[in-house]
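Here is how the chains run, residue by residue.
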Amino acid sequence: MKYFILLSLILISCDLRKRNTELTAFHQSNEKITFVKLDSIKIDYLGNPTVHDIDPISKRILFMEHKETSQIISMADFDGSILTSFSKWGDVPDSYGNLIAPLKFHGSNSFLAYGSKGYLTYNFEGKLQHLVKHSESPNQGFSRIGFGLGLEETEDLYLYFNPSSQTISNSESRFYEKHCPLILLNPKTGDNEPIISFPETSIFRNGKYFFSSAWEPSYTVSDNLIYVVFGVEPTIYLFQNTKPHSLVSKILLDLPDYRYYKGSDTYSDDVRFFGHSKTSGKIRNINKLDKYFIIAYFPGYERLDIEEAFISKSPEEARLFWDRMREKYPHRIAIFDTNGDRLNDFEPKGLIASSMVLRSGELWMMEKPNEEIEQDYFRLFRVGLKVEHKN
């Protein structure tokens, strides 16, 4: 493993104008924040692994091979050695059923599986320690499995996104008025509590209709606050991390060339309506490291590319088009201070932008795999922030 010197972060002093609950920056910082790789872990593995979680304290990594007929859980150490592999899926007595969220390290020698059968805690050898059944059946129609998409710990509870309501469809105008986009999970009791409403100033409360995943939140917990970005909307909302989880303020995100879907006057089953899920800009992840927000986002297509996306194509033409779009519109990272000043915006070369996970004060990301060749390993990088002074 290679270590690099992490330069000290300098707090940025700036004027802040507060109008109602909205924070907006009015000056340009003379500093630029960039990524620096501090550490790396290489794990020899031939396949298609999905990393679920990492724990710098026990120095363990949880990953899985998800296949149609099997799900194998593996655990590796920070030296890259795979220590054990086992399955808890399918017809086994201690199965989690269908996995609803990524596996999460839970305590010093165990991990938590949030599945259709309840909250299951296993030790590092795969032996079931506890099973707490759901107090009410969860919505199993949605799940987000991947590094950076998991449960956020807040005291003895876990914060997760609340899938679309089982009683109200997003095709109904009252969906965004009634739905709570986040949920608190209690693995000790099996209870879950939907929390937070879309703020009245949110674009999702403007009476428009959106494709189904447009609102899916990215979130993090820090400073006794819940920081949330609702899908396509370029705004960080700050909520209290205690009941009644009131809205504290919001920070507008000035993202360069960010093109996002602002809703339709009517709900439609047309492919162009749902197709905006591929072409619209969207916030993919948010973390707060020290006094800086790190935002992973997809910038969205330009108008002419949106039009071309819906033109009928042969399979080969479609493949070439989407390859060209992936190259033209890579996912990006933007870094803001707590006043909303954008300090940098860049493509994280060699890293998967949305794969950020903050554990024990350390920010970890997945290496972007080489699509040209089959690799027999995967790597994770610990990333720090480096200050550069502008001339």
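Residues numbered from 1 in each chain as written. Predicted model: local features only at pLDDT ≥ 70, side-chain atom pairs only at ≥ 80, totals over all residues. Heavy atoms only, no water.

Caption draft 1: Region of the structure containing the overall build of the protein chain. Broken down by element type, the protein chain carries 4 helices and 26 strands. Rg of the C-alpha trace for the protein chain: 21 Å, near the compact-globule value of 21 Å for 391 residues, within the 12% margin. If you line up the protein chain on its principal axes, its C-alpha atoms span 55 × 55 × 55 Å. Considering the protein chain as a whole, with its 391 residues, one finds that 52% of them fall into the buried category. In the protein chain, the proportion of contacts linking residues at least 24 apart, taken out of those at least 6 apart, comes to 55%. Entry remark: accessible area of the protein chain is about 19,100 Å², with carbon and sulfur atoms responsible for 46%. (Helix = DSSP H or I, 4+ residues; strand = E, 2+ residues; numbered from the N terminus. Rg over C-alpha atoms; globule rule 2.2 N^0.38 Å. Buried < 20%, exposed > 50% of the residue type's maximum accessible area, 1.4 Å probe, protein only. Contact = heavy atoms within 4.5 Å. Areas by Shrake-Rupley, 256 points an atom, 1.4 Å probe, with all protein chains shown as cover.)

Caption draft 2: A look at helix α2 (residues 271-279). For α2, the set of buried residues is Phe-273, Gly-275, His-276 and Thr-279. Buried residues of α2, seen end-on, are gathered within an arc of 160° and therefore sit on one face of the element. Against β21 (292-298) and α3 (303-309) lie the buried residues of α2. (Arc of directions from axis to C-beta.)

Caption draft 3: Spotlight on unusual backbone geometry. Residue Pro-244 follows Lys-243 across a cis peptide bond; omega there is 10°. Here Pro-244 shows up in the loop between β18 (235-240) and β19 (247-252). Positive phi, close to 70°, is recorded for Ile-196, a residue that is not glycine. Looking at where Ile-196 falls in the secondary structure, it is placed in the loop between β15 (192-195) and β16 (217-222). For Ile-196, a relative accessible area of 7% puts it in the buried group. Despite not being glycine, Asp-290 shows a phi value in the positive range, around 55°. Mapped onto the elements of the fold, Asp-290 is located in the loop between β20 (282-289) and β21.

Caption draft 4: Here's a closer look at the pattern of salt bridges. For the coordinates displayed, the defined rule picks out 22 salt bridges. Lys-32 is paired through a salt bridge with Glu-388; the nearest N and O atoms lie 3.7 Å apart. Placement of Lys-32 in strand β3 (residues 31-44) and of Glu-388 in strand β26 (residues 377-389) is noted, with a sequence separation of 356 residues between them. Residue classification places Lys-32 among the partly exposed positions, given a relative accessible area of 30%. When the shortest N-O distance is used, the salt bridge between Arg-326 and Asp-323 registers 2.3 Å. (Salt bridge = Lys/Arg side-chain N within 4 Å of Asp/Glu carboxyl O.)

Caption draft 5: Structural view of the pairing of β15. By the bridge criterion, 4 bridges tie strand β14 (residues 182-185) to β15 in an arrangement that is antiparallel. Counterpart to Leu-184 in the pairing with β15 is Glu-193. In textbook terms, the turn of a hairpin is the stretch between consecutive antiparallel strands, and for β14 and β15 this stretch comprises 6 residues, one of which, Gly-190, has a positive phi near 85°. (Pairing = 2+ DSSP bridges.)

Caption draft 6: Quick peek at the confidence of the model for the protein chain. Scored by pLDDT, the protein chain comes out at a mean of 89, with 91% of its residues at no less than 70. Long-range and interchain partners of residues 1-27, a stretch whose pLDDT sits below 50, account for 66 contacts in this model, where long-range means more than four residues apart. (pLDDT = per-residue confidence, 0-100.)

Caption draft 7: Representation of the packing of aromatic side chains in the model. Counted according to the given criterion, the structure contains 35 aromatic pairs. Their ring planes at 90° and their centres at 6.1 Å tell us that Phe-198 and Trp-215 sit as a pair that is edge-to-face. Here Phe-198 is found in the loop between β15 and β16, whereas its partner Trp-215 is found in the loop between β15 and β16, with 17 residues between them in sequence. Each member of the pair, Phe-198 as well as Trp-215, carries the same accessibility label: buried. Above the plane of the ring of Phe-293 lies Lys-288, whose end atom (NZ or CZ) is 6.0 Å from the centre. When the ring centre of Phe-321 is taken as reference, the NZ or CZ atom of Lys-313 above it lies at 4.6 Å. (Phe/Tyr/Trp six-rings, centres within 6.5 Å; stacked < 30°, edge-to-face > 60°. Lys NZ or Arg CZ within 6 Å of the ring centre and 35° of its normal.)

Caption draft 8: Region of interest: the pairing of strand β17 (residues 225-230). With respect to burial, β17 is a largely interior element, 6 of its 6 residues being buried. Residues Leu-225, Tyr-227 and Val-229 point to one face of β17 and Ile-226, Val-228 and Phe-230 to the other, with burial holding for every one of them. By the bridge criterion, 6 bridges tie β16 to β17 in an arrangement that is antiparallel. Residue pairing in the sheet places Pro-217 in a bridge with Phe-230 of β17. Here β16 hands over to β17 after 2 residues, with Asp-223 in that stretch at a positive phi of 60°. Connecting β17 to the next strand, β18, in antiparallel fashion are 4 residues, including Gly-231 with a positive phi near 55°.

Caption draft 9: Inspection of the sheet that holds strand β9 (residues 110-115) at higher detail. If you walk across this open sheet you meet the 4 strands as β8-β9-β10-β11, and the pairing is antiparallel. Looking at which strands have only one partner, the edges of the open sheet turn out to be β8 (104-105) and β11 (128-132). Both β8 and β9 contribute to a ladder of 2 bridges, which runs antiparallel. In the strand pairing of β9, Phe-105 is matched with Phe-111.

Caption draft 10: Broad picture of the environment of Glu-68. Relative to the assigned elements, Glu-68 resides in the loop between β5 (60-66) and β6 (71-77). A C-alpha to C-alpha distance of 32 Å links Glu-68 and Val-229, two positions 161 residues apart in sequence.

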